[in-house]
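Here are the chains, one letter per residue:
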Amino acid sequence: MEFTTKITSFSLLFLSLINPTLTTATCSTAVCRNGDPIIRFPFRLKSHQPQSCGYDKGFDLTCGNNNGVNRTTIRLPFSANFTIEMIDYAAQEILLADPNNCLPKRLLTLNLTSTPFDGVYTRRFTFFSCPTSGYLRFGRFNPITCLSDENSTVFATAFPRAVNYLSAQSCRLMKTVNVPVRWPAYEHAVSYWGLSDNLWLTWRVPRCRRCESRGGKCGIKSNSSREIICSDAPKPGN
């Protein structure tokens, strides 16, 4: 009996050496609710997927409660929680939104330090607080209602002529910030004056664009290795 046990143990050890565990095979996908993004490497859903299913803690996600609804949520160390609207694994981009529906307020203090994310592109926006009594003079601009009140109306613009115009009025310059956007010519893609309701970010590492664009899936080779492998990608000619 003891001899049989030793033989079995040796066989398992031998097999583990020639056939290491691949996380791409053992990690199943996850989702917080119907319609939310599918969660897989380099992301992982905490408490549902093993730590080895994600690249590092910067890609850890949770199902946050937003008005009684589970939403895919990411916590940025210096900027608190954002909901994830979309994950494009081939482009390595994520689309974030503010769960409190006031993204411009979050942009004023956005800090991507200590995160694996950066803007796809960045655009400099200048925020102004203008007297509500002179609102008619600023009719061409879109007000940021969640930052405005009965005494002041807040605007943000990336257009230099608009910055000069508002600076010459009785408006207070609040702050100029670099806002992550998806397109370099942002003002032409959306408008000359307004901000988008979403935040586009990208991650540079791990580099899985080529694998994902071929229809493959990225993952860590084994629990004891940080090597990234590509699996399930169709072979050329097939």
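Refer to the structure presented above.
Residues numbered from 1 in each chain as written. Predicted model: local features only at pLDDT ≥ 70, side-chain atom pairs only at ≥ 80, totals over all residues. Heavy atoms only, no water.

Draft legend 1. Representation of the pairing of strand β4 (residues 80-88) in the model. One ladder, built from four bridges, connects strand β3 (residues 69-76) with β4; its direction is antiparallel. Pairing of Leu76 across the sheet is with Ala80, part of β4. The turn linking β3 back onto β4 is made up of three residues. As defined by bridge partners, β4 adjoins strand β5 (residues 93-97) across five bridges and the pair is classed as antiparallel. Bridged to Asp88 within β5 is Glu93. Between β4 and β5, which follow one another and run antiparallel, lie four residues, and Gln92 among them has a positive phi close to 55°. (Pairing = 2+ DSSP bridges. Helix = DSSP H or I, 4+ residues; strand = E, 2+ residues; numbered from the N terminus.)

Draft legend 2. Representation of the layout of surface pockets within the structure. What the second largest pocket holds in volume is close to 220 Å³. What lines the second largest pocket is a set of 14 residues, among which Lys57, Gly58, Asp60, Ile74 and Arg75 lie closest to the centre. Of all the elements in the fold, those that place two or more residues in the lining of the second largest pocket are β2 (60-66) and β3. Ranked by residue count, the leading element in the lining of the second largest pocket is β3, at four residues. Looking at the lining of the second largest pocket, its residues break down into four nonpolar, six polar and four charged. (1 Å grid on protein atoms, 1.4 Å probe; cavity = no way out; pocket = protein on both sides within 12 Å on 5 of 7 lines; lining within 4 Å. Points joined across faces, edges and corners; volume = space filled by probe spheres on them. Nonpolar A, V, L, I, M, F, W, Y, C, P; charged D, E, K, R; others polar.)

Draft legend 3. How the structure looks around helix α4 (residues 160-168). Listed as buried for α4 are Ala162, Val163 and Leu166. All buried residues of α4 lie within an arc of 105° about the axis, which places them on one face of the element. In α4, those exposed residues whose orientation departs by more than 90 degrees from the buried face are Pro160, Arg161, Asn164 and Ala168. Residues of α4 that are buried sit in contact with β7 (121-131) and β8 (152-157). (Buried < 20%, exposed > 50% of the residue type's maximum accessible area, 1.4 Å probe, protein only. Arc of directions from axis to C-beta. Contact = heavy atoms within 4.5 Å.)

Draft legend 4. Fine view of the sheet that holds β3. Reading across the sheet, the seven strands line up as β1-β2-β3-β4-β5-β10-β6 and stay open at both edges, with mixed pairing between neighbours. The open sheet has two edge strands with one neighbour each: β1 (44-45) and β6 (117-119). Here β2 pairs with β3 via six bridges, running antiparallel. Of the residues in β3, the one forming a bridge with Leu61 is Ile74.

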